[in-house]
Amino acid sequence: MSNTNTSFLFFCCLQLFCISCAVQDKPNLEMPSKEVVLVMDNIDNSGHPNLILTKEGVANIKAYLGKAPLFDQVLATTIARIDAEIATGIHVPIPKDMSGGYTHQRHKKNWFVMQEAGVLYQVTGKDKYAIYIRDMLLEYADMYPTLPIHPTDRSYATGKIFWQCLNDANWLVYVSQAYDAIYGFLTPQEIEKIEKDLFRPYADFLSVGNPKFFNRIHNHSTWGNAAVGMIGLVMDDQELVDRALYGLDIDKNKKNERDNDGGLIRPDGLKKAGFLAQLDGSFSPDGYFTEGPYYLRYAIFPFLQFGKALANNRPELSILTYRDNILKKAVYALLYQTDKNGLFFPINDAQKGMSWNAREVIMAVDLAYQHYGEDPMLLSVAEKQGTVILDEAGFMVARDLAKGLAKPMQQKSIAYKDGADGKQGGVAILRTGTSVENELCAVMKYSEQGMGHGHFDKLSYSLYDETGEIMQDYGAARWVNIDQKGGGRYLKENNTWAKQSIAHNTLVVDETSHYNGDIRIGEKHHPDLYYFNGTGDVQVVSAKSKNAYPDTELHRTMVLVKDENFQHPILIDIFKATSEKKHQYDLPIWFQGHLLLTNFDYKKEATTLNTLGDAHGYQHVWKEATGKAEGNMAHVNWFSNGKFYSMTSAVTPDDELIFARLGANDREYNLRHDPAFIIRRKDNKDATFVSIIEPHGRYSLATELAEQPFTSIEKLSILQDDDNYTIIQFSNKEGKVWTLSLAHNDASETSKHRVKVDATFFEWTGVYQLSEVISNK
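A. Unusual backbone geometry, seen in detail. Here the bond from His 48 into Pro 49 is cis, since omega is 0°, no more than 30 degrees from zero. Assignment of secondary structure puts Pro 49 in the loop between helix H1 (3-21) and helix H2 (55-63). At Asn 481, a position not held by glycine, the phi torsion is positive, near 65°. Among the secondary structure elements, Asn 481 is positioned in the loop between strand S5 (468-471) and helix H17 (492-498).

Spelled out as structure tokens, the structure:
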């Protein structure tokens, strides 16, 4: 760091010291009781701030500056960054660019800078922050009345400052907080101009000007509702607040209209809109968000920010505890839908790599800690995030981290329901325990479509350990905010590849995606959970889909096993397809890593590659090699992130074993060139696929030694398979043998089953039984 930067940061810390000394020093770290009234540096009788920041909250923060190290660090860093930004002047360009372009990024930066400058004005009392916000708002007030619709005109709801109304709403959610922070600094004339020429027409444009954006049950509308409601609260405009809470007349939305992602804007049966309708319709009763965790991460910000603003200004609504604490449940659902490294499972449209370090999740953790019982597990997440938000919630988190109150986050196995009524399928997460070194986590998706951001991936799964992905979900084909890639928007390959069934670890029939790749069909159906057990050393999730294909029923069961005979937990996968007609069945496995070994011969194409097919995503997959197993078992071994992995599958001699790679018909290199292993079974009415996935061993680049690089699975076979039962048997190299028995049509825990296989009877109670049967050695 340069001497100039060091001196500047020292100056910022000196500012914090001076601010903290401006009020009476307190003897301990405890927050003052609500009965204590602290004197502010500047008298402001406007009643502001009252949105996210409050007068009392700001006073509490100022009283304890210097005693919550993480908060002080974040504040000092923010002062340095915002002071540097103020020094560059005010930049309010005429809008023209897509999401990766200069004008988009500049206006986006403005909303962040103004919001943070508002906090700094309140905490430091320095007028320069209020002046900066005021002058920028006046520039926007001069520009806004002159703006036409954004020139890109590529959205179903085109914005003015940005290419879509969604981003216009983002801007207003943040900027309303800045306006609230400096409201008492402004003259009546400045307030009148800013509200008359900017905020009121802005709120009208987002709402009455764009009912198909504002009046949905969708993350877009959540942002729109919050934006209009929050500026309405600052302006004390009850009409805007009511509009945000209860929406517009639902008949202002036409039936059968769809957005750019194909999502239905007004589903059948939609009778109300607005923020309360979002809370009722966006979540299942246990907090699962129908668009998936990536978009819950995005939507949780307006949900909680407007919720907190309403709690401060309309406490009679009890928004933060509305619908049996649905927002609290949503925060925990968000945190549970991550791997051990805090990365969100990339369900539906999702940019991989998004994690609980996102600013929205930082805010959610801090606010949940403040308002939902000060759960010490949330402190451990905040500790990993390494930062807090600059408000009273963030201060409380920083204060209690300094006290050493954090406890490890316990991510548990859970089956989330989908749909507002909890009856539209769901997503199950199986975890083997809290030990990072021995974690194996399977995620199985049997949810409803997920609106326009949903994928055709019924009964798909992904698999994780402490290193990250083992079997991947592709996520979305999008380079968010990268201008060179379609202006940062969803690419055409998101529809032609990422949403298609072949892009997921699920069964594909006749090279055709589920629901024929038609969202209109997908919206009408969902799979159903058959059975779930998320406790103990043997955990099971099982689900059925009767509508993904017109004449074929799919049933997948996944069993996560923790057994001392295996170095790490293993996953057993049983996928059944039942039909009255013959079909081609493809089961792709999108493994992460480098292929090492197989137990079957294959022919690799040396000069010419052909695609796997012509449509439904197959046109994007190169067919690199094909082979056949000599017996009834196929073994594939690969290496990734310092560990070895193996998949052992029960196959038939006629199965085609395919190694494939993504990247065909991708002239602009928009797709990752990921590898896959596909088991193809042709001309069968029914098909059962059984595989065991085993992590094992490790390799050190420092020592160049490989430990346990080969699988411990010796044999795998299907002993019995019909409509009602499947019984499999597998053994390890030490000669220990296990049988797994499954009942497919009776989910009762108490039902007794008895199946004869050759001369042996298998008996068990309940849906399944995994038992060690003999020892050969």
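Following the structure, the description resumes.
B. Structural detail: the sheet that holds strand S7 (residues 528-533). An order of S7-S8-S9-S10-S20-S17-S16-S12 is seen for the eight strands of this open sheet, with the pairing classed as antiparallel. Edge positions in the sheet fall to S7 and strand S12 (594-598), since each has one partner strand and no second. Put simply, the sheet's adjacent strands are angled 15° from each other on average, direction ignored. Two strands pair when backbone bridges link them, and strand S16 (residues 633-640) and strand S17 (residues 643-650) are joined in this way by eight bridges, in the antiparallel orientation. Among the inter-strand pairings, Phe 639 is bridged to a residue of S17, identified as Phe 644.

C. Summary view of the nonpolar core. One finds Trp 171, Tyr 179 and Phe 199 to be the most contacted residues of the largest nonpolar core, which totals 144 residues. Of all the elements, helix H12 (residues 293-313) adds the most residues to this core, at twelve residues. Setting aside anything within four residues of it in sequence, one finds Tyr 179 in contact with Leu 137, Leu 186, Ile 191, Ile 194, Glu 195, Phe 199, Ile 231, Val 234 and Met 235.

D. Main features of the packing of helix H5 (residues 127-143) against helix H6 (residues 165-182). It is the contact of H5 with H6, at a shortest axis distance of 10 Å, that shows an interaxial angle of 130°. Our classification of the angle between H5 and H6 gives oblique. Viewed along their axes, H5 and H6 form a crossing whose handedness is left-handed. Of H6, the residues touching H5 (which contributes Ala 130, Ile 133, Arg 134, Leu 137 and Tyr 140) are Trp 171, Val 175, Ala 178, Tyr 179 and Ile 182. Looking at side-chain class alone, the contact of H5 with H6 contains nine nonpolar, no polar and one charged residues.

E. Spotlight on helix H4 (residues 102-124). In this model, H4 (23 residues) spans 31 Å end to end at C-alpha, consistent with the 33 Å of a helix rising 1.5 Å per residue. For H4, the buried fraction is high: 19 of the 23 residues fall into the buried class.

F. Quick look at the pairing of S16. With respect to burial, S16 is a largely interior element, six of its eight residues being buried. Both S12 and S16 contribute to a ladder of four bridges, which runs antiparallel. Considered in S16, the bridge of Leu 597 is made with Asn 637. Between the antiparallel neighbours S16 and S17 lie two residues, among them Asn 641 with a positive phi of about 50°.

G. Local environment of the packing of aromatic side chains. Evaluated as defined, the whole model comprises 39 aromatic pairs. A ring pair is formed by Trp 111 and Phe 162, whose centres lie 5.6 Å apart and whose planes are at 65°; its orientation type is edge-to-face. Linking Trp 111 in helix H4 with Phe 162 in the loop between H5 and H6, this pair joins segments that are 51 residues apart in sequence. The exposure classification of Trp 111 matches that of Phe 162, with both residues buried. For the pair Trp 638 and Tyr 645, a centre-to-centre distance of 6.0 Å together with 20° between the ring planes defines the contact as stacked. Judged on exposure class, the residue Trp 638 and its partner Tyr 645 are both buried.

H. Region of interest: the sheet that holds strand S1 (residues 414-417). With respect to topology, five strands assemble into an open sheet ordered S1-S2-S3-S4-S5, the strand pairing being antiparallel. Strands at the two margins of the open sheet, each flanked by one partner only, are S1 and S5. Along the sheet, successive strands turn relative to each other by an average axial angle of 20°, direction set aside. Summarising the sheet, strand S2 (residues 425-431) and strand S3 (residues 440-447) pair through seven bridges and their orientation is antiparallel. Paired with Val 427 across the two strands is Lys 445, which belongs to S3.

I. Structural detail: the environment of Gly 468. Turning to its location among the elements, Gly 468 is positioned in strand S5. Given the relative accessible area of 7%, Gly 468 is considered buried. As a C-alpha pair, Gly 468 and Asn 341 span 127 residues in sequence and 7.3 Å in three-dimensional space. Dropping the residues within four chain positions of it, Gly 468 is found in contact with Asp 339, Asn 341 and Leu 463.

J. Looking closely at the pattern of salt bridges. Enumeration according to the criterion identifies 39 salt bridges in this entry. We note a salt bridge from Asp 204 to Arg 243, for which the minimum N-O separation is 2.8 Å. Residue Asp 204 is found in helix H7 (residues 188-206), and its partner Arg 243 is found in helix H10 (residues 238-246); the two are separated by 39 residues along the sequence. A salt bridge links Arg 258 to Glu 523, with the nearest nitrogen and oxygen atoms 3.1 Å apart. Of this pair, Arg 258 sits in the loop between H10 and helix H11 (275-281) while Glu 523 is found in the loop between helix H18 (519-522) and S7, placing the two residues 265 residues apart along the sequence. Looking at Arg 258, the relative accessible area reads 28%, which means it is partly exposed. What emerges from the salt-bridge pattern is a single network uniting Arg 200, Asp 204, Asp 237, Glu 239 and Arg 243.

K. Representation of a nonpolar patch on the surface in the model. A contiguous nonpolar surface patch, about 280 Å² in accessible area, is contributed by Leu 596, Leu 597 and Phe 710. Inspection of the secondary structure puts Leu 596 in strand S12. Overall, Leu 596 belongs to the partly exposed group, its relative accessible area being 43%.

L. Structural detail: the packing of H4 against H5. Orientation of H4 relative to H5, taken along the N-to-C sense of each, is 145°, at an axis distance of 8 Å. H4 and H5 meet at a crossing whose hand is left-handed. On H5, the residues that touch His 107, Asn 110, Val 113, Met 114, Ala 117, Gly 118, Leu 120, Tyr 121 and Thr 124 of H4 are Asp 127, Tyr 129, Ala 130, Tyr 132, Ile 133, Met 136, Leu 137, Tyr 140 and Met 143. In terms of residue class, the contact of H4 with H5 is built from 13 nonpolar, four polar and one charged.

M. Here's a closer look at the side chain of Asn 670. Counting through the fold element by element, Asn 670 comes out in the loop between strand S18 (656-662) and strand S19 (675-684). Residue classification places Asn 670 among the buried residues on the basis of a relative accessible area of 4%.

N. The pairing of strand S23 (residues 713-721), seen in detail. Across seven bridges, the pairing between S23 and strand S24 (residues 725-732) is antiparallel. Looking at the pairing, Ser 717 lines up with Gln 729 of S24. Remark: three residues form the turn of the hairpin made by S23 and S24, two consecutive strands paired antiparallel.

O. Looking closely at helix H15 (residues 376-385). By the criterion of burial, H15 is predominantly enclosed, with seven of the ten residues buried. Buried residues of H15: Met 377, Leu 378, Leu 379, Ser 380, Val 381, Ala 382 and Gln 385, and no others. Lining the buried residues of H15 we find helix H13 (322-336), helix H14 (359-371) and helix H16 (392-402). Capping of H15 at its N-terminal end is provided by Asp 375; its side-chain oxygen lies 2.9 Å from the backbone amide nitrogen of Met 377. Count one or two residues on from H15 and you reach Gly 386, which has phi positive near 75°.

P. Fine view of the side chain of His 220. By the element assignment, His 220 lies in helix H9 (residues 219-235). A polar atom in the side chain of His 220 sits 2.9 Å from the side chain of Tyr 156. Beyond its immediate sequence surroundings of up to four residues, His 220 is in contact with Tyr 156, Gln 164, Leu 166 and Phe 213.

How each quantity is defined
- Residues numbered from 1 in each chain as written.
- Predicted model: local features only at pLDDT ≥ 70, side-chain atom pairs only at ≥ 80, totals over all residues.
- Heavy atoms only, no water.
- Helix = DSSP H or I, 4+ residues; strand = E, 2+ residues; numbered from the N terminus.
- Pairing = 2+ DSSP bridges.
- Axes fitted to C-alpha atoms, helices over the stretch in contact; angles between N-to-C directions.
- Core = buried A, V, L, I, M, F, W, Y, C linked by side-chain atoms within 4.5 Å.
- Buried < 20%, exposed > 50% of the residue type's maximum accessible area, 1.4 Å probe, protein only.
- Contact = heavy atoms within 4.5 Å.
- Parallel < 35°, antiparallel > 145°, perpendicular 65-115°, else oblique.
- Left-handed = near helix turned anticlockwise from the far one by under 90°.
- Nonpolar A, V, L, I, M, F, W, Y, C, P; charged D, E, K, R; others polar.
- Expected span 1.5 Å × (residues − 1).
- Phe/Tyr/Trp six-rings, centres within 6.5 Å; stacked < 30°, edge-to-face > 60°.
- Salt bridge = Lys/Arg side-chain N within 4 Å of Asp/Glu carboxyl O.
- Patch = residues over 30% accessible without salt bridge, like charges linked within 9 Å, V, L, I, M, F, W, Y side chains within 5 Å.
- Areas by Shrake-Rupley, 256 points an atom, 1.4 Å probe, with all protein chains shown as cover.
- Polar contact = N/O pair within 3.5 Å; in protein donor to acceptor, adjacent residues only side chain to side chain.

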